[in-house]
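Chain and residue survey
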Amino acid sequence: MIILIARRLILSLVTLFIISLIVYVGVEALPGDSATGYLGQWATPESLAALREEFGLNDPIHVRYINWLGDILRGDLGVSMVKRKPVAELIGNRFRNTVVLTITSALVGIPLAIILGVIAGLMRDKLPDVIISTTSIVAMTLPGFVTATVLIYIFAIRLEWFPAITLVPSDVSVIELLDTMLLPIITLTMIMVAHILRLVRTNMIDVMVSDYVQMARLKGVPARQIVFKHALPNAMLPTINIVALTLAWLVGGVAIIETVFNFPGIGKLLIDAITDRDFALVQGIAMILSGIYIALNLTADLLSLVLNPKLRTARGH
Amino acid sequence: KGAAPEEPVAEEPPAEVEVVEEPPTEEEVVEEPPAETRGVLRYNTGIVYGGLENLNPVDPNRFWPPISLLFDRLATPADDEMRPTPSLAKSWESNATGEVWTFTLRDDVYFHDGTQLTSADVAYSVDHWLNAEASVIAGSFGVVESVDTPDDFTVVFNLTQPVVDFPLIVMDYRARVLKKGSFPDIMETGMGSGPFKLETLDVGGVTVLVANDDYWDGPPGVAVIEVFMIADNEAAIQATRAGQIDFSIDLIADHIPMFDDADDFVIDIIPTGNWSGFVMRTDIPPFDNLDLRQAMHLVVDRQEMLDLALAGLGEVSCDLGITPGDPYLIPECLYEQDFEAAAAKLADAGYADGFEIDLYTADVCSDWTALTEIFQQQAANAGIEVNIVNVSSDGFWAEAWMIQPFVMTCWNERTTDQFLNEIYRSGGSWNESFWNVPEFDALLDAARAEMDFEKRKEHYQAAQTMLHMDGGTIIPYYSGMVRAAKTCLGELPQIGLFFADWNHITKPADCE
Amino acid sequence: MSDCLVDVRELTIGYYNQKGTLVLVLQGVNLEVKPGETLGLVGESGCGKSTLGQAMMGYLRSGSQVLGGSVKFADHDMFALNNRQLETIRGRQIALIPQNAGDALTPTLRVGNQIIEAIELNADLSGAAAKNRMLELLAQVHLPHPDVMANRYPHELSGGQQQRAVIAMALAAEPYMLILDEPTTGLDVTTQAHILNLLRDIVADLGTAMMYISHDLGVIARVSDRIALMYAGEIVEDTNVAEMFKSPAHPYARGLLESIPRLNLAGIPNSMPGQPPIPGTLPGCSFAPRCSFISEICRSKSPPFTSIPGPPHRVRCDNWEKVLAIDFSQELQQVFRTIEHTTEDEPAIELSGLEITYHRSGFMERIRSIPEPPATVSDITLSVKRGETLALVGESGSGKTTIVRTISGLLPAKRGSIQFEDCDLTVEVDQRPMELCRHVQLIFQNPDASLNPRHTVAEILDQPLKLYFPDMTHDERRARQIELLERVRLEGRYRLRYPGQMSGGEKQRVAIARAFAADPEVVLCDEVTSALDVSVQAAVLDLLADLQRERNTTYIFIAHDLAVVRAIADRVAVLYQGRLCEVGTVDEIYSPPYHPYTETLLGAVLVPDPDHEPKLLASDTPELAPPAKGCAFQRRCPYCMPDLCVEEIPPWQFPESDDGHKIRCHIPINELLVDQKAAF
Amino acid sequence: MTLVAQSVEQPPRTKRRSPLAETWDNLRKSWAGMVGLTLIVLHILIATTSPVWIPRDPLEMNAKIRTQAPSAEHLMGTDKLGRDVFSRSMVGGRVTMVVTLIAISIAVVWGGLLGIVLGLVNGRADELIMRFVDALLSIPWLLIILLIVSVLGTKMWVQALTFGFTYGILTVRVARAATLDFVTSEFVLAARARGERKRTIVIKELIPNVRDVLLVDGAMNWSWMLLGFTSLSFLGFGVTPPTPDWGFMIAKNREILGVQPWAVFGPVVMLGTLIIGINLFADAFAKALGLDRSQGAPV
Ligand SMILES: Nc1ncnc2c1ncn2[C@@H]1O[C@H](COP(=O)(O)OP(=O)(O)OP(=O)(O)O)[C@@H](O)[C@H]1O
Ligand SMILES: Nc1ncnc2c1ncn2[C@@H]1O[C@H](COP(=O)(O)OP(=O)(O)OP(=O)(O)O)[C@@H](O)[C@H]1O
Ligand SMILES: [Mg+2]
Ligand SMILES: [Mg+2]
């Protein structure tokens, strides 16, 4: 098991390394450079040259890459040339905010999705299942920004229950933040629940017809015990990785929700950075988001390792 | 309702010494309202310069909303007329020729750090306006040859040529007075003499300003101002409607029904001289071709644009962004929509078989999407194919504007002199259409120096006609401003907020 | 209360298929089980055995419904009870042991806990008492180290151990009746024999009634008092064991018994043509289309379940008297067809010192210089003569498949060489010349998996033709396909079928036809008949023998069933843990002296004869890897000599002459001979 | 009993049909699948024929009838520029559908092929390339798409290629996993043992079997792609005017949602029904093919 964990860790590190390569080269390969981006139409050849010198843009790309990677390893995400500020400072609390947003949504969404998925799976093709499945498919088909707008219209403007958008500085306390982000949480939760629920439902259906559930029935195990003791843990195992992927996807695609709700998060910053050609910032955020993705995946792997006796007790690889 | 200035702005002969009395002194006697009764004023702004914003008033990327609260200028426009009225300068006069202008400063003005404002600070500021990197008003202040400071409260401007309307130039909303030596710290500290002091600057988030209770014009009517950056216009409207911000000026006519059942909001429709338009670069192909430019002018139906894009809330313009009612403004349009004439011009320009052009736009001004689509439709009738290229709003100014041959633009209202000099004088840093016509520049110079109002008007109008006929900018209308504001706000002026007296706006603490 | 524990009356069960038509699974089944009795239920795959077994517990597969009749268990009408009532009966009074214990144990729960759950639910014990009972049960089913085993997860047990755990679970409440649904199918012969012994002992001790479901008559013969034979959803014959095997009264029973290869009878058994119909689709007797005793009435009227005078014996056949008139034991002797074919002297394939390993030393292992584990297959020296059939036998995991895959070039050999005539077969298939690939063909165990489900039979047969005979025209290939199909006794119309539309036997024939399309010299048959029903197996064996005779092909034939091997092989090589134990002709292998492992295998074989009792020697503990040194069989060998066998690889011994029969053992041949002669 | 008797086997129980025909049979029985298929076909019909039958010119502006509520004349009312929302909703899917369909074909082909080859090779090269695929998967999809589109512009082929590439990465994994299931299967072993070339194995043995998985995966990805494409419109990188487009309509008419909701609902309903159709169809299709559809990441 230790070997297994070590292997996963090493693989994750390798992947992170490759990501850094792709992100750096991919972003640097874009036409135009940060210097012109920064100086805009007021660029003069001299000022451009000076800026290039200052930020070492004249070095060959592999030298720059190695410097950048070295900095990253030391925890330094570099300096945004466009905004003349360290990337870490620009990201600041926004990273935390995005994490708070997604984690709260996950804390609400995942249990909800599991409960609904189990109900739908157990009552397959009966009324509750039809209702749950239809609702989830509709929730899945609406673009996030439409869901968001409709929710704002209903809950903020008509019912006046929640604030419409997030109007707090990026460095407020988590408590204050939570207060203003109910609608973004609901939106994200809705999308997430729809995806995970469908998955849980399918797995539940599969597990309920499995031989061991049949065996449990024939053993005289009461229905509730069959569901919770025999079926659910096994239905959840294949779901763990997908849940992680869904979460990671949410973090990556959360930009649009953040824009609609004016939420001071990392996704919105990313979109701004791309349009500003703020290469250092794009690279920094991309690395962070990819890191989250990898971390989530790793967590899911380790979690299934812990929960799945087949993996846990496997010797070697 | 706000009204266009009735009087010509600079009708008085400049030779006459213009002495303006000090503001009434009652203001100072008024009891300072206890702090807790004043509320927090919240309003929004949209991203314009892609995170490059700073607090240098003359920087191309200046972050305007706080700057207008942090710094004062020598003269401000009167509330409802565009006439210069005293601010930091309590009076001014010129010599007979209009080449030397003497401004007398107030002696009770203190910067936020407690030091008193003196003529040295003004001299420093003028130097900054003229020489700061990429200063946007260096052009209009180009007429200033030198500045003398005979005493602490007197500033003398020596001009290179007579400028009859010099106070209008001084009134420029960006000509803010800085404390001597405060640049470049000022870009972040915002340390000025204005009615509000900077608490936190967070361009992409919330910028907080607190009342400067020692303000020379009396303590402000609100305790704190919070400026929210809300990039998504829609989000801003939703926030307004939900009462999260106190007022928004970013509404369009279509939003008005949303507030039908909101008793705590008042909707004002304020005529302005703000405008959106289409800019053709006159210096590079294809629009260095005059016939082609004229063809483009000929396909436009201005009234239709106004009706479609703004539901008629505005006023037709003839390619001029001068505040309506300005005495120098030419009154009528010379172009009517005429597809045949346009086709003929196209043929003359060598595009008999049709013409295709990319129009660069972004989500910067709320009417651009509509304008571009309408223009696309109108132009199609004359065989002009317009491809709309949407770029990101943050990158627009850096990557499309003044780079691509055909882009959208939008400006706030300006006086005749400002408009013509700032946007069309050759070499001007914001000469977006790259209008470079020596006769035009000569007309502007002549107008500035001309003592006689009628003659001056003639010069100005000749220049305007030139722009209208041959220029690279199509300006279909002045947009009316739709403002939703909470009814509990007081003293909200019925004019564009660029010229508002922010320290007079009130909001009681119990207004939420 | 009747004297029956279970009373099934006219039970008819069916389900609606996707097209909405009713498909019967059971039709009018009548069956009783008396307390303490052991009933064997036999029948071909798909005839409804499991359905009947589950119905006795009041359980229906989802989608199925009872269309008529009733099931009474201890006077409870099982299908009239509600779930709550069923829960109190199931597990407590009647328990089921499913076929695949690996699938029937919840993977996320420890074995011990699953058993405790059953105890707490059904045996009214809890806490420490339940735990003790659990350990007791595990010991009772002969699981080594019950306390350790209880803490394991199901996948950490071997197949036989899982099966024992499930038996323990079923015994938790000492129910009146156990239903065993093919509990030993898929296990090794030795393991199977051990588990059957265990079951016999338990029911004898506890007086539990038992219904044992199997398709294997050998197994049934071993455990049952009475046998019910099923065919197409009906019980066609029901009598005691002795009657059933000595004088079966139903033609189907005869056909079935005749198609089973026997250890004591050389030659290929008889095969029954055709396959069973869907229950209820024929107006008359379900077996009529396959029956050789057919008369007019069979086609029109379903025969009644009639009792035959004498010992309790019921049969569903109108012609039972005609059937019984023919003496079964004599008929049995006649139907076995011995194959005579010519074996040339020159060797076709020679393996020498072959060693194969799956182990790839990883980076970490190389730096830490961990010693390599012993090779999966090691030191194989064998030669197969042209036209000969060499059988490889051994328990699961003994490396049989590994060897043939290496011969076919799918796996690299680590050491040693493989010669085919003058060609070197040690290289992997990518580097072999096409001609060489053509000469060596492989047939797999599972025809379902070895035929691409997306190809028609024509396409399947076309592939080797296109590959090996690129000059053939389209029409020639077509003609050849038809010819090949004929040779495997399929009609030309099968060309357009997909694998999903054929029965298992048909599919296996297509697979054989594909191999023979290449005109091979050597055919490697990897358990080609293990997935087939006995009746079909006989036909396939027969076919293989015929094909061999026509082309003088060389076979390497893998099987775990020693009776099948006896039927088809010329020579046999016995493998244990990838090491050869014994090589010799069929006659030499099947008579003493044996290698102790061969003796174990032979002793565990279950013969369809109630009088035959298996002789269990070694334990059935499976081994995961061969020992690092010494004799491969040391750990299980009943004769193991602590020092010698553990330390040194045993020498080859030659009981007769210098070639042919050889045994790899430290024990002198004479001693072996003496012990073994005495035992049999 | 004679040996020849053995060919007298029972006639086949099912009517002889190709697996594809059988899949269709199964599909026909699922009402959800048929509803889904009907929706998709309807959408394709609307997209191809709508320019002929829509009641109004979708581009015609009219200042007199801005933001009108639905009426007999304008079934879904009008938008800010007085255009007919119904007509625009009907033609608004044309570009989106063309772009996403091209993109999904690209994705399935390149992702599928790479995945199959990787699954077959399954060695060092596979390890290495999979690390790259993993890495690409870890980078937020929006970033990849925005980067490419913001550089190469919003031309249709750029969008199609970008989406094709990005979603193809997901397909690589799916195809590889599906291939791994088959690579160890005995019919592939049989082909290898015969000495078939790798190419033949891919084309003849693997593709026909992986095809189903890829089709289902492609259908699912199509629905994700539609959502992704609308998001692109929301961010201003989608279809450019004057072409009416759902995403653009939704994004731009959001501001009059409170006034003329149909300007948003019209395109949302159209987009939604298409995506629901695809989802229902893909589910039923997978079931008909006997696949277990544990869906991958919802990108
Ligand atoms: N609910 C159902 N839905 C579909 N098919 C069913 C159903 N119930 C039974 N069958 C079919 O009925 C037949 C009999 O099944 P059953 O499992 O009882 O056979 P069996 O004799 O145990 O076969 P095996 O030896 O393969 O285990 C099979 O063909 C099976 O597919
Ligand atoms: N791909 C593989 N990787 C690692 N070990 C393997 C692999 N395939 C088989 N083995 C191991 O090699 C040994 C021999 O396996 P093989 O399949 O040759 O046995 P077999 O005699 O054919 O068994 P069976 O009767 O179950 O088919 C077993 O211990 C098995 O676990
Ligand atoms: Mg069965
Ligand atoms: Mg094998």
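Structural data are supplied above this passage.
Values in this document were obtained by computation on a predicted structure and should not be read as measured data. (Residues numbered from 1 in each chain as written. Chains lettered and ligands numbered in written order. Predicted model: local features only at pLDDT ≥ 70, side-chain atom pairs only at ≥ 80, totals over all residues. Heavy atoms only, no water.)

Across its full length, chain A holds 14 helices and two strands. When each of the 317 residues of chain A is scored for burial, the buried share is 57%. Long-range pairs, those at least 24 residues apart, make up 74% of the contacts in chain A between residues at least 6 apart in sequence. For chain A, the exposed surface amounts to about 12,700 Å²; the carbon and sulfur share of it is 69%. (Helix = DSSP H or I, 4+ residues; strand = E, 2+ residues; numbered from the N terminus. Buried < 20%, exposed > 50% of the residue type's maximum accessible area, 1.4 Å probe, protein only. Contact = heavy atoms within 4.5 Å. Areas by Shrake-Rupley, 256 points an atom, 1.4 Å probe, with all protein chains shown as cover.)

Turning our attention to the state of the cysteines. Residue and element names in this part refer to chain B. Tallying each qualifying case throughout the model produces two disulfides over all chains. In this model C318 forms its disulfide with C333; the gap between the sulfur atoms is 1.8 Å. Here the disulfide of C318 and C333 is left-handed, its torsion about the S-S bond being about -95°. Highlighted residues: C318 in the loop between strand 13 (314–316) and helix 9 (339–348) and C333 in the loop between strand 13 and helix 9, separated in sequence by 15 residues. C318 gets classed as buried once you look at its relative accessible area, which sits at 8%. (Disulfide = S-S within 2.5 Å.)

A separate point is the sheet that holds strand 5 (residues 76–77) of chain C. Each strand in a sheet pairs with its neighbour through backbone hydrogen bonds, running either in the same direction (parallel) or in the opposite one (antiparallel). All names here are of chain C. Taken in spatial order, the four strands line up as 2-1-4-5 in an open sheet, and their pairing is antiparallel. Of all strands in the sheet, those bounded by a partner on one side alone are strand 2 (22–33) and strand 5. Summarising the sheet, strand 1 (residues 6–16) and strand 2 pair through eight bridges and their orientation is antiparallel. When the sheet's bridge partners are listed, V6 is paired in strand 2 with V33. (Pairing = 2+ DSSP bridges.)

Our focus in this paragraph is the interface of chain A and chain D. Every contact between the two is made by 49 residues of chain A and, on the other side, 45 residues of chain D. Counting across the chain A and chain D interface gives one salt bridge. Of all the secondary structure elements, the ones that give two or more residues to the side of chain A that touches chain D are helix 1 (2–28), helix 6 (127–141), helix 7 (144–158), helix 9 (182–208), helix 11 (223–260), helix 12 (266–276) and helix 13 (279–307) of chain A. With 10 residues, helix 11 of chain A is the single largest residue contributor to the side of chain A that touches chain D. (Salt bridge = Lys/Arg side-chain N within 4 Å of Asp/Glu carboxyl O.)

This next bit is on the pairing of strand 20 (residues 554–558) of chain C. All names here are of chain C. Burial runs high along strand 20: five of the five residues are buried. Here strand 20 shows a buried face lined by T554, I556 and I558 and a second buried face lined by Y555 and F557. Of the strand pairs in this sheet, strand 15 (residues 389–393) and strand 20 are connected by four bridges, and their pairing is parallel. Paired with L390 across the bridge in strand 20 is I556. For strand 19 (residues 522–526) and strand 20, the ladder comprises five bridges, and the chain directions are parallel.

Counting contacts across all five pairs of chains found in contact, the highest total belongs to chains A and D. For the non-touching pair chain B and chain C, the nearest C-alpha separation works out to 49 Å.

Residue and element names in this part refer to chain C. Near ligand 2 you find Y358, T376, S396, G397, S398, G399, K400, T401, T402 and E527, and these make up its full shell. When isolated, ligand 2 has an accessible area of 630 Å², and the protein chains bury 58% of it. Grouping the amino acids of the shell around ligand 2 by side-chain chemistry returns one nonpolar, seven polar and two charged. (Near = heavy atom within 4 Å. Nonpolar A, V, L, I, M, F, W, Y, C, P; charged D, E, K, R; others polar.)

All names here are of chain C. Inspection of the region around ligand 1 gives 14 residues, with S45, G46, S50, T51 and R61 positioned closest. The side chain of S45 places a nitrogen or oxygen atom 2.8 Å from an oxygen atom of ligand 1. The contact in question runs from a nitrogen atom of ligand 1 to an N or O atom on the side chain of S64, over 2.8 Å. Computed on the free molecule, ligand 1 has an accessible area of 640 Å², of which 70% lies beneath the protein chains in the complex. Here the shell around ligand 1 gets three residues from one element, more than from any other, and that element is helix 1 (residues 49–55). Looking at the shell around ligand 1 residue by residue, the classes come out as three nonpolar, seven polar and four charged. (Polar contact = N/O pair within 3.5 Å; in protein donor to acceptor, adjacent residues only side chain to side chain.)

Turning our attention to the pattern of salt bridges. All names here are of chain C. As enumerated under the stated definition, the model contains 64 salt bridges over all chains in all. Notably, a salt bridge pairs R314 with D238, separated by 3.5 Å at the nearest N-O pair. Linking R314 in strand 12 (residues 313–315) with D238 in strand 10 (residues 234–240), this pair joins segments that are 76 residues apart in sequence. Residue classification places R314 among the partly exposed positions, given a relative accessible area of 21%. Owing to a relative accessible area of 4%, D238 belongs among the buried residues under this scheme. Overlapping salt bridges, with partners in common, bring together D7, R9, E32, E37, R226, D238 and R314 in one network.

With 27 residues, helix 1 of chain A extends 39 Å from end C-alpha to end C-alpha; this agrees with the ideal 39 Å at 1.5 Å per step. Of all the positions in helix 1 of chain A, only L4, S12, T15, I18, I19, S20, V23, Y24, V27 and E28 of chain A are classed as buried. (Expected span 1.5 Å × (residues − 1).)

The next subject is unusual backbone geometry. With an omega of 5°, the peptide bond running from F183 of chain B to P184 of chain B counts as cis. Inspection of the secondary structure assignment puts P184 of chain B in the loop between helix 4 (166–170) and helix 5 (186–189). Cis geometry is found at the peptide bond from P285 of chain B to P286 of chain B, where omega equals -5°. As for its placement among the helices and strands, P286 of chain B is situated in the loop between strand 12 (265–280) and helix 7 (290–298). The residue E182 of chain C is not glycine, and still its phi comes out positive at about 45°. Looking at the element boundaries, E182 of chain C is found in the loop between strand 7 (177–181) and helix 8 (189–206). On the accessibility criterion, E182 of chain C (9% relative accessible area) is buried.

If you look at the interface, chain C gives 26 residues, while chain A gives 22 residues. Between chain C and chain A, roughly 2,300 Å² of surface is buried when both sides are summed, and carbon and sulfur atoms account for 60% of that area. Linking chain C to chain A there are two salt bridges. The shortest N-O distance in the salt bridge between K219 of chain A and E117 of chain C comes to 3.1 Å. Taken together, chain C and chain A are joined by eight residue pairs in polar contact (both at pLDDT 80 or more). Elements that contribute at least two residues to the side of chain C that touches chain A include exactly helix 3 (101–104), helix 4 (111–122) and helix 7 (159–170) of chain C. (Buried area = accessible area lost by both parts, 1.4 Å probe.)

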